[in-house]
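Given next are the chains, with one letter for each unit.
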Amino acid sequence: MEKIADTPVERITLPITGMTCANCSATIERNLKKMPGVTEVNVNYATEKASVAFDPALVNEEKMRVLVGDLGYGVATGRIEIPVSGMTCANCAATIERNLKKVPGVVDATVNLATERASIEFIPTIAGYADFKKKIEDIGYGVIEADGASAGATRRDVEAEAREAEVAKQRRLLQIGVTLTVPIFLLSMGMTLGLVPHAAWVNWVLFALATPVQFYVGKQYYVGAYKALKNGSTNMDVLIALGSSAAYFYSVAVLLFPTLGYMTFFETSALIITLILVGKYLEAVAKGRTSSAIKALIGLQPKTARVVRNGVETDVPVEDVRLGDTLIVRPGEKIAVDGVVMDGRSSVDESMLTGESLPVDKRPGDEVIGATINASGMLTIQATKVGADSALAQIIRLVEEAQGSKAPIQALADRVSGIFVPVVISIAVLTFLFWFFVAKAGFTLAMVNMVAVLVIACPCALGLATPTAIMAGTGRAAQNGILFRSSEALERTEQVKVIVLDKTGTITQGKPAVTDIITTTPALLGLAAAAERGSEHPLGQAIVRAAEDAGITLSKPEAFEAVAGQGIRAEVAEHHVVVGTTRLMSNEGVATDAWHAAGSNGNGASQPAGEAFPRAIVDGNGLSLDAKPGVEVVSPGNASPLQVVARLQGEGKTAMLVAVDGQIAGVIGVADTVKESSAAAIAALQAQGLRVVMLTGDNQRTAEAIAAQVGITDVIAEVLPGDKAAVVRAIQSGERQMAGGEWQVADGKSPMADGDPPSAVVAMVGDGVNDAPALAQADVGMAIGTGADVAMATAGVTLMSGELNGVAKAIALSRGTMKTIRQNLFWAFFYNVLLIPVAVAGLLHNAPWLAAGAMAFSSIFVVTNSLRLRGIKLGGV
């Protein structure tokens, strides 16, 4: 059960059983919406789930379950038994039973004192083993888990079991139907070909074989038709029941009253039911494949975790991990829960959640995501998110919500499905009247043509066209680390024309890094980093990281002082070190127009200014530059310190002067570096025909320098965070257009550029937190970040990998999904538009059962066409 923001509204998902077509889902949806306190309902026929938002003060899941039952459908429930310890009397059992019934999602609970077991029936999408265990322990009793395996035995996907039981039931009915229908078909064909006599005993044999098919195998269609008619609606079951019954009961009449004729249609009634059952069975199997992404995500969750408690390592069920627990993760093992690395270094394979194939290096202080794989070293982590708060749980919930929601394009199919069956019944009646009274073809032919019309129509294909494609598309997206929060976001993404990219943390890494070291003192980086160890400023931390990456051993500063807005001063290894702005140097009395005359090479020899020097030099105090720090370390040549500072600033970098013992020894350039994948990702977006705009608060020179590196020509700079939403709104309305390479305010009516519409569908890509207003304003908000940030994502799309290539993939997936939906809807409409007139014209009168086969095929086609999305190629994006 999900609490929605700070409102009293909650959302639950109910697994529905007994639906046979889109009209069934519409009936449930319509009646649930009438309940007091229910604010939103989406019933998805393809996923067989109802997503309900409601006020818990006015209605609860039990009342909804009862209503669904009254409508003639069901809510899938599971049952588990939990061994309980600590009970001493009947009152204990009653106490546990009473409290278990209070757990949301529990349908019934009984506790047996003699066997010391609690038997619980529950709705698996709302409650589970962990909830029951916690409730029992909270009221002072215990749960017995023999060898730590009992929990695993009861933590099963009971919803999936209910679905599998339904598939097994359909398989059994299909086997019976085929066994009885084949001989019916052979006997009928034999009579048609003259191989079997038209004798009364043959018709009685056909009657004996067809009756179980009609009323045992076909019982579900009669039940479904009754439910629909009882609720004042019609569905596919009504068409099947009417069509097969017409053929069956006419045949019975001929059997009992031979004067009516000798031709029976037992093979027609049996084949209608059996062929449609074939289609429904294959459809159910295929629908299971569309939800394979959810099953795969659930399967990622490790079963146990190695927890350190009281100094002892213990394997416990993952549900028992608590916030703050210390966990040990050895190489090759899955990380059990979200956490932060306390000790150890390793690379972690996050591909199953982010879609990125390369392992990610982790060290103390880095966040890790549950269900990812520790590839190399041993890690000690502290649990920060467990249970429903974990990244994996959030991902599963987001994918389920997206698959359960309705895309706007489905509205047309829903409207058509709502009136489809009554229209078909009317056409069938008119067909009978025409052939009987106008064409004078006789009762038998009129009845056969009417039956063909009834069974050839297929509202199922219309109902499945959109949700099966949505399920397959969002599932494929999840495998690539792309989470669509709703079907509407998926549909809207296809329409995007302009991509607005925030710079910091989206195009760039989002944290400063050392990019340049210009110095006359080889030990400069070590000295500056040692001085900055006491600083909390991001620029100072960047210098420290660069030294650590270079393998430099840093000493602690003997004295440290931060000068607000200017830099720091410190005593390091008997050197007075000042790092900061030209203003700080001026205040310190350090001349900024000349370099330190000479640098020490560690052996007492001097190093002339402006001349190259060896990289591996150790000074007398142990400060070393033993490895290349990942940036170019160069001599200033003939340029003065101020000239170097001006050059770095012109490149969009922050330049920090470093003075050692009262003289300028070097300049360190720091910048927010561009992600390696950004340029290729932006090129992929442009190849998709999209306009890419960079939006940043940086000064124009810095912004243009970054944009040039990644191939962006449209730059909007010097925008305050609070004004980003207004800029997005302006782009949407066409108030800004590109002219001469710069963004200018237009007249409010002109298009953004030649060929663009007066208003543009805009996607805003940001980090999901400080860009929240702009993300909300955009037609599609894309939050870019890591899986650990999923809970904070407020945008319509979350890109878990933190890389921009996810944007192009999301657009490609959206385009592919919407193309598939349009194909499905076209063929569903085309099928009915083409074949209903064929049946009306009497072209199926020789084999009306072919109409049932065609009907089954249409549903299978729609589902299998949607399944192709599981293999959509994104490698080039």
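Treat the numbers as computed from the prediction; the structure is a model and nothing was measured.

Asker: It is not clear to me how the overall build of the chain should be interpreted in this structure. Could you clarify?
Answerer: A tally of regular secondary structure across the chain gives 28 helices and 36 strands. Counting all 877 residues of the chain, 54% fall into the buried class. A separation of at least 24 residues holds for 68% of the contacts in the chain among residues at least 6 apart in sequence. Split by element, the accessible area of the chain, about 36400 Å² in all, is 57% carbon and sulfur.

Asker: Would you take a moment to explain empty space enclosed by the protein for this structure?
Answerer: Summary: where empty space remains is shown by rolling a probe the size of a single water molecule over the atoms. Applying the stated criterion across every chain, the model contains two cavities of 30 Å³ or more. Considering the residues around the largest cavity, the lining is formed by Ala22, Ser25, Val43, Asn44, Tyr45, Lys406, Gln410, Asp414, Gly463 and Pro467. When contributions to the lining of the largest cavity are tallied by element, the ones reaching two or more residues are helix 1 (22–33), strand 3 (38–44), helix 14 (410–438) and helix 16 (459–479). Within the lining of the largest cavity, the residues separate by chemical class into four nonpolar, four polar and two charged.

Asker: It is not clear to me how helix 7 (residues 200–217) should be interpreted in this structure. Could you clarify?
Answerer: What sets the pattern is the α-helix's 3.6 residues per turn: residues three or four places apart point alike. Taking 1.5 Å per residue, 18 residues should reach 26 Å; helix 7 reaches 25 Å between its end C-alpha atoms and fits that length. The largest bend in helix 7 amounts to roughly 30° and is located at Ala210, with the proline Pro212 lying one to four residues further along. Listing the buried residues of helix 7 in full gives Val202, Asn203, Leu206, Leu209, Ala210, Val213, Gln214 and Val217.

Asker: Sorry, what's going on with the pairing of strand 34 (residues 762–766) here?
Answerer: Remark: a regular strand shows side chains that alternate across the two faces of the sheet. Across the five residues of strand 34, five count as buried, placing the element largely inside the fold. Relative to strand 34, strand 20 (residues 498–502) is paired through four bridges, and the arrangement is parallel. Each bridged residue has a counterpart across the sheet, and for Leu501 the counterpart in strand 34 is Val765. Relative to strand 35 (residues 780–784), strand 34 is paired through four bridges, and the arrangement is parallel. Looking at the pairing, Met764 lines up with Gly781 of strand 35.

Rules and cut-offs
- Residues numbered from 1 in each chain as written.
- Predicted model: local features only at pLDDT ≥ 70, side-chain atom pairs only at ≥ 80, totals over all residues.
- Heavy atoms only, no water.
- Helix = DSSP H or I, 4+ residues; strand = E, 2+ residues; numbered from the N terminus.
- Buried < 20%, exposed > 50% of the residue type's maximum accessible area, 1.4 Å probe, protein only.
- Contact = heavy atoms within 4.5 Å.
- Areas by Shrake-Rupley, 256 points an atom, 1.4 Å probe, with all protein chains shown as cover.
- 1 Å grid on protein atoms, 1.4 Å probe; cavity = no way out; pocket = protein on both sides within 12 Å on 5 of 7 lines; lining within 4 Å.
- Points joined across faces, edges and corners; volume = space filled by probe spheres on them.
- Nonpolar A, V, L, I, M, F, W, Y, C, P; charged D, E, K, R; others polar.
- Expected span 1.5 Å × (residues − 1).
- Bend = angle between axes of the 7 residues up to and from the residue.
- Pairing = 2+ DSSP bridges.

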